[in-house]
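Chain residues, written in single-letter form:
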Amino acid sequence: MEEVRNKVNVKIYGQEFTISGELPRDQIIQIADYVDRKMQKLEESIPSCSLSSLAVLTAVNCADEYYKTVRLVKELESKNAQLEKDSQHYVQLWEEAKKNFLQYKEDAQSAIESKNELQTLFNERTVECNQLSSQLREIKEQKESLQKKNDNLIRRIETQEDERESSTSMVKELESKCRDLESSFFDLQMENIQLKGELDRYKKILEQDER
């Protein structure tokens, strides 16, 4: 398809010209007006300049502005390219930051779950320890009660010679029970020490997780 060319009559420095081009009419008029103003301004600076010299100087000034504009465009294009490169770099950093943040959230959630599990286990061990402590107190009370009974029986043996054999048998039986209770008491003490050790270890793990 043949391109449409516009013909526009313009006035530059008092003379009429017909300019033909592919640009819109308004844009051709603006260009002609710009050249006219340039020539008028140069005439004010150089009143004795001839028309041909004035036209050449105007063309030189327009060419200078053109190349300045070209350099400015190249600088802006270079800056724009650098900005795009920087933007891509920052986008990459942002994506990495989001990825790290998501990983941190997963790790934090895992740590919270582990902490809750350890807390539950700690609570269970605490209940067990309290139960064992209660049993231990009961055993101590039983031991003290048996010890008192044993002491009473010993005193009775000392005062009742005729009942020595039966009393001696009862004492031996009670002593055997006492030894059994002492053995049970010792076992419970060892288990209590072991449970305390486990509780201390879980407390340290919880303290490390909280930090």
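Residues numbered from 1 in each chain as written. Predicted model: local features only at pLDDT ≥ 70, side-chain atom pairs only at ≥ 80, totals over all residues. Heavy atoms only, no water.

### Looking at the overall build of the chain
For clarity, the cut-off: Only runs of H or I of at least four residues qualify as helices and only runs of E of at least two qualify as strands under DSSP, and these elements are numbered from the N terminus. In this description the radius of gyration comes from C-alpha coordinates, and the expected globular size is given by 2.2 Å times residues to the power 0.38. Any residue under 20% of the maximum accessible area for its type is buried, any over 50% is exposed, and the rest in between are partly exposed; the area is computed with a 1.4 Å probe on protein chains only. The contact criterion used throughout is that any non-hydrogen atoms of two residues lie within 4.5 Å. The charged-residue count follows a simple rule in which Lys and Arg add positive charge and Asp and Glu add negative charge, with His and chain termini not counted at all. Note on charges: their place is set at NZ of Lys, CZ of Arg, CG of Asp or CD of Glu.
The number of helices and strands found in the chain is 3 helices and 2 strands. Starting at the N terminus and walking to the C terminus, you meet the elements of the chain as β-β-α-α-α. Whereas a compact globule of 211 residues would reach a radius of gyration of roughly 17 Å, the chain reaches 53 Å, over 25% beyond that. The buried share among the 211 residues of the chain stands at 16%. Looking at the chain alone, contacts between residues at least 24 apart form 47% of all its contacts between residues at least 6 apart. Side chains of the chain carry 33 positive and 43 negative charges; the gap between the two charge centres is 3 Å.

### Structural notes on the pairing of strand β2 (residues 15–21)
Going by this rule: In short, DSSP must find at least two bridges between two strands for them to pair.
Here strand β1 (residues 6–12) runs beside β2; their pairing, made up of 7 bridges, is antiparallel. Paired with Ile12 across the two strands is Gln15, which belongs to β2. The antiparallel hairpin formed by β1 and β2 contains 2 residues in its connecting segment, where Tyr13 sits at a positive phi of about 55°.

### A look at the nonpolar core
Across soluble globular proteins, you tend to see nonpolar side chains buried next to one another. Rules: Put simply, a nonpolar core is a bunch of buried Ala, Val, Leu, Ile, Met, Phe, Trp, Tyr and Cys residues held in one set by side-chain atoms that sit within 4.5 Å of each other.
Membership of the largest hydrophobic core is limited to 8 residues, which are Val8, Val10, Ile12, Ile28, Ala32, Met39, Leu42 and Leu54. Looking at this core, the elements that each hand over two or more residues are β1 and α1 (25–45). Sorting elements by how many residues they give to this core places α1 first, with 4 residues. When neighbours within four sequence positions are excluded, Met39 is seen to be in contact with Ile12, Tyr13, Leu51, Leu54, Ala55 and Thr58.

### As for unusual backbone geometry
Positive phi outside glycine occurs at Tyr13, with the angle close to 55°. Along the chain, Tyr13 falls in the loop between β1 and β2.

### A look at the confidence of the model for the chain
We apply this condition: Each residue carries a pLDDT score, the predictor's own confidence in it, on a scale running from 0 to 100.
On average, residues of the chain score 84 in pLDDT, and 93% of them are at 70 or above. Confidence, read as mean pLDDT per element, is least for helix α3 (residues 164–210) in the chain (81) and greatest for α1 (93).

### Some details on the pattern of salt bridges
Put simply, the test is: Salt bridge, as used here: a side-chain nitrogen of Lys or Arg that lies within 4 Å of a carboxyl oxygen of Asp or Glu.
Evaluation of the coordinates by the stated rule reveals 9 salt bridges. Of the charged contacts in the structure, one is a salt bridge between Glu95 and Lys98, with a shortest N-O distance of 3.6 Å. Here the residue Glu95 and the residue Lys98 both occupy positions in helix α2 (residues 51–159), the gap between them amounting to 3 residues, near one helical turn. On the basis of relative accessibility, which here comes to 41%, the residue Glu95 falls in the partly exposed class. Using a relative accessible area of 33% as the deciding quantity, one classes Lys98 as partly exposed. With its nearest N and O atoms 3.3 Å apart, the salt bridge here joins Arg125 to Glu198. Residue Arg125 is found in helix α2, and its partner Glu198 is found in helix α3; the two are separated by 73 residues along the sequence. For Glu198, a relative accessible area of 22% puts it in the partly exposed group.

### Comments concerning the packing of aromatic side chains
To describe a pair of aromatic rings, you give the distance between the ring centres and the angle between the ring planes. Heads up, the condition is: Whether two aromatic rings pair depends on their centres lying within 6.5 Å, for rings of Phe, Tyr and Trp, where Trp uses its six-membered ring; planes under 30 degrees apart make the pair stacked, over 60 edge-to-face, and the rest tilted. Consider the ring centre and the ring normal. A charge sits over the ring if Lys NZ or Arg CZ is within 6 Å of that centre and within 35 degrees of that normal.
Following the criterion strictly, the structure yields 1 aromatic pair and no others. Relative to Tyr67, the ring of Tyr66 has its centre 5.1 Å away and its plane inclined at 75°; by these criteria the two rings are edge-to-face. Take Tyr66 and Tyr67: they sit in the same class, and that class is exposed. Between the NZ or CZ atom of Lys143 and the centre of the ring of Phe185, over which it lies, the distance is 5.8 Å. Residue placement shows Arg201 over the ring face of Tyr202; its charged tip is 4.8 Å from the ring centre.

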